[in-house]
Number of protein chains: 2
Amino acid sequence: MCPVCSDMASYTVAPLSRLVDEFESLPGIGHKSAQRLAYHVIGLSKEKAEELASSILDAHEKIHYCRICCNLTDQELCPICRNEERDKSVICVVEDPRDVMALERTHEFHAVYHVLHGAISPLSGVGPDQLCIKELLARLSNNEVKEVIMATNPTVEGEATAMYISRLLKPMGIKVTRLAYGIPVGGDLEYADEVTLSRAIEGRNEI
Amino acid sequence: MCPVCSDMASYTVAPLSRLVDEFESLPGIGHKSAQRLAYHVIGLSKEKAEELASSILDAHEKIHYCRICCNLTDQELCPICRNEERDKSVICVVEDPRDVMALERTHEFHAVYHVLHGAISPLSGVGPDQLCIKELLARLSNNEVKEVIMATNPTVEGEATAMYISRLLKPMGIKVTRLAYGIPVGGDLEYADEVTLSRAIEGRNEI
């Protein structure tokens, strides 16, 4: 409950304030937005409100990890792992299912993914065991995979995770690569930070 | 579905994209936020997801209009109409239940409210019949009400609604007042618009 409104408790309606609290617990939704959403939901038709509620239950119930790549799916395998035309010898390792979506939008990558569902972060209590790393190792045991591309985020946690996994894979004789660092296309050199710029210089290519 | 991602349809998971669409249909939630919310919901525990869904159904089912003032409540009368200490001879007419909350936060108003649930807006097809105006007139029939304060929003629609209602009430011999216009407290004269400033001059008080 918002500190401003806390003294309003006697005038609030229990199911309404419960709904506001529920919305407020979602990421990126503050008290004002939660109130607006709650009033909107109350104003919906019965069918629409039931659809919203059932879509939450339905998604939560039916969606689970793909048996191979740990991406989200409502079937045994995700659409990418099911696709026979995908090159199964290259695996791109990402932190999050949304990263798969982002890479798919490039239309440049025709191999398969592996979703870790997070990055190693000792400060948040996330160790290698909480990530889908053993599932990745299981995929590599049949010697079909030639290259693993580490596409974790360019953050301290993402770097640490990429390093950790690459050290696990090196002894197996698998080529491990990392996404290129550099200036973003359409960006402005003036506003690029020093670390990005120095990485762009290091990684320069002949034209 | 976002135009950028529409070609991703083959890689999306049906219950997930249905949930994203549902969230996206809520006010103030764009495609990216809807995605974030959907992934958050999938990551919730079963109990938490069920709580969220049931709070939506619960609020939608139990909350209805107060029999007297049309504010939202889960009982026959809202807490303000139930309160014996409230002065029932003055009614403050507002557009929205959130306006009641805003006025209650001032702790200055000890009478009762009437919620219209909108304002007259011919452009949006909202006429007087869609608002809770007849419920207001019904409250005035027993001669107990001495004053009606029009606290609709200071917009064209709010003004029109205030004018419409005041013309209905004048012949009944009820005093109809309007919230004062002026410069907001803590505001800066330099940034006040001309209309507000001229209303502030018109409505000046002796000190």
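It should be noted that the structure appears before, not after, this text.
Residues numbered from 1 in each chain as written. Chains lettered and ligands numbered in written order. Predicted model: local features only at pLDDT ≥ 70, side-chain atom pairs only at ≥ 80, totals over all residues. Heavy atoms only, no water.

Draft legend 1. View of the overall build of chain A. When you go through chain A residue by residue, the secondary structure sums to eight helices and six strands. For chain A, the succession of helices and strands along the chain, N to C, is α-α-α-β-β-α-β-α-β-α-β-α-β-α. Computed over C-alpha atoms, the radius of gyration of chain A comes to 22 Å, more than 25% over the 17 Å expected from 2.2 N^0.38 for 207 residues, which places it beyond the range of a compact globule. C-alpha atoms of chain A, sized along the principal axes, occupy 65 × 45 × 35 Å. In chain A, which comprises 207 residues, the share counted as buried stands at 42%. A sequence separation of at least 24 residues applies to 47% of the contacts in chain A between residues at least 6 apart. When the accessible surface of chain A is summed, it comes to about 11,600 Å², and 54% of that surface belongs to carbon and sulfur atoms. (Helix = DSSP H or I, 4+ residues; strand = E, 2+ residues; numbered from the N terminus. Rg over C-alpha atoms; globule rule 2.2 N^0.38 Å. Buried < 20%, exposed > 50% of the residue type's maximum accessible area, 1.4 Å probe, protein only. Contact = heavy atoms within 4.5 Å. Areas by Shrake-Rupley, 256 points an atom, 1.4 Å probe, with all protein chains shown as cover.)

Draft legend 2. Expanded view of the packing of aromatic side chains. All names here are of chain A. Taken as a whole, this structure holds two aromatic pairs over all chains when the rule is applied. Judged by centre distance (5.1 Å) and plane angle (50 degrees), the rings of Phe109 and Tyr113 are tilted. Judged on exposure class, the residue Phe109 and its partner Tyr113 are both buried. The aromatic ring of Tyr181 is capped on one face by Arg199, whose charged end is 4.4 Å from the ring centroid. (Phe/Tyr/Trp six-rings, centres within 6.5 Å; stacked < 30°, edge-to-face > 60°. Lys NZ or Arg CZ within 6 Å of the ring centre and 35° of its normal.)

Draft legend 3. Up close: the environment of A:Arg67. All names here are of chain A. Mapped onto the elements, Arg67 comes out in the loop between β1 (64–65) and β2 (72–73). Classification of Arg67 as exposed rests on a relative accessible area of 54%. Residues Arg67 and Arg36 lie 31 residues apart in sequence; the distance between their C-alpha atoms is 39 Å. When near neighbours in sequence (up to four residues on either side) are disregarded, Arg67 contacts Glu76 and Leu77. Engagement of the side chain of Arg67 in a polar contact is seen with the side chain of Glu76, the distance being 2.5 Å. (Polar contact = N/O pair within 3.5 Å; in protein donor to acceptor, adjacent residues only side chain to side chain.)

Draft legend 4. Spatial organisation of the packing of helix α3 (residues 46–62) of chain A against helix α3 (residues 46–62) of chain B. Where α3(A) contacts α3(B), the axes come no closer than 9 Å and their chain directions differ by 175 degrees. The pairing of α3(A) with α3(B) is recorded here as roughly antiparallel in orientation. Contacts between α3(A) and α3(B) involve A:Lys46, A:Ala49, A:Glu50, A:Leu52, A:Ala53, A:Ile56, A:Leu57 and A:His60 from the first element and B:Lys46, B:Ala49, B:Glu50, B:Leu52, B:Ala53, B:Ile56, B:Leu57 and B:His60 from the second. Looking at the contact of α3(A) with α3(B), its residues break down into ten nonpolar, two polar and four charged. (Axes fitted to C-alpha atoms, helices over the stretch in contact; angles between N-to-C directions. Parallel < 35°, antiparallel > 145°, perpendicular 65-115°, else oblique. Nonpolar A, V, L, I, M, F, W, Y, C, P; charged D, E, K, R; others polar.)

Draft legend 5. The arrangement of helix α7 (residues 156–169) of chain A in detail. All names here are of chain A. The first and last C-alpha atoms of α7 sit 20 Å apart over 14 residues, in line with the 20 Å expected at 1.5 Å per residue. Within the span of α7, buried status applies to Gly158, Thr161, Ala162, Ile165, Ser166 and Leu169. On an axial view of α7, the arc spanned by its buried residues comes to 130 degrees, and they lie on one face. Of the exposed residues in α7, those oriented more than 90 degrees away from the buried face are Val156 and Arg167. Looking at the buried positions of α7, the neighbouring elements they touch are β3 (87–94), α6 (133–140), β5 (147–150) and β6 (175–178). (Expected span 1.5 Å × (residues − 1). Arc of directions from axis to C-beta.)

Draft legend 6. Focus on the pairing of strand β6 (residues 175–178) of chain B. Relative to β6(B), strand β5 (residues 147–150) of chain B runs parallel, the two being bridged by four bridges. If you follow B:Glu147 over to β6(B), its bridge partner there is B:Lys175. (Pairing = 2+ DSSP bridges.)

Draft legend 7. The arrangement of helix α1 (residues 14–24) of chain B in detail. What α1(B) keeps buried is the set B:Pro15, B:Leu16, B:Ser17, B:Leu19, B:Val20, B:Glu22 and B:Phe23. Tucked inside the fold, the buried residues of α1(B) contact α3 of chain A together with α2 (31–43) of chain B.

Draft legend 8. Up close: the interface of chain B and chain A. Chain B puts 57 residues into the contact, and the matching count from chain A is 58 residues. Approximately 5,500 Å² of surface area, both sides summed, lies buried where chain B meets chain A, with 71% of it carried by carbon and sulfur atoms. Linking chain B to chain A there are eight residue pairs in polar contact (both at pLDDT 80 or more). Elements represented by at least two residues in the side of chain B that touches chain A include exactly α1, α2, α3, β2 (72–73), α4 (79–82) and α5 (97–104) of chain B. In terms of residue count, the dominant contributor to the side of chain B that touches chain A is α3(B) (14 residues). Here the residues of the side of chain B that touches chain A are counted per class, giving 30 nonpolar, twelve polar and 15 charged. (Buried area = accessible area lost by both parts, 1.4 Å probe.)

Purely geometric numbers; function is a separate question.
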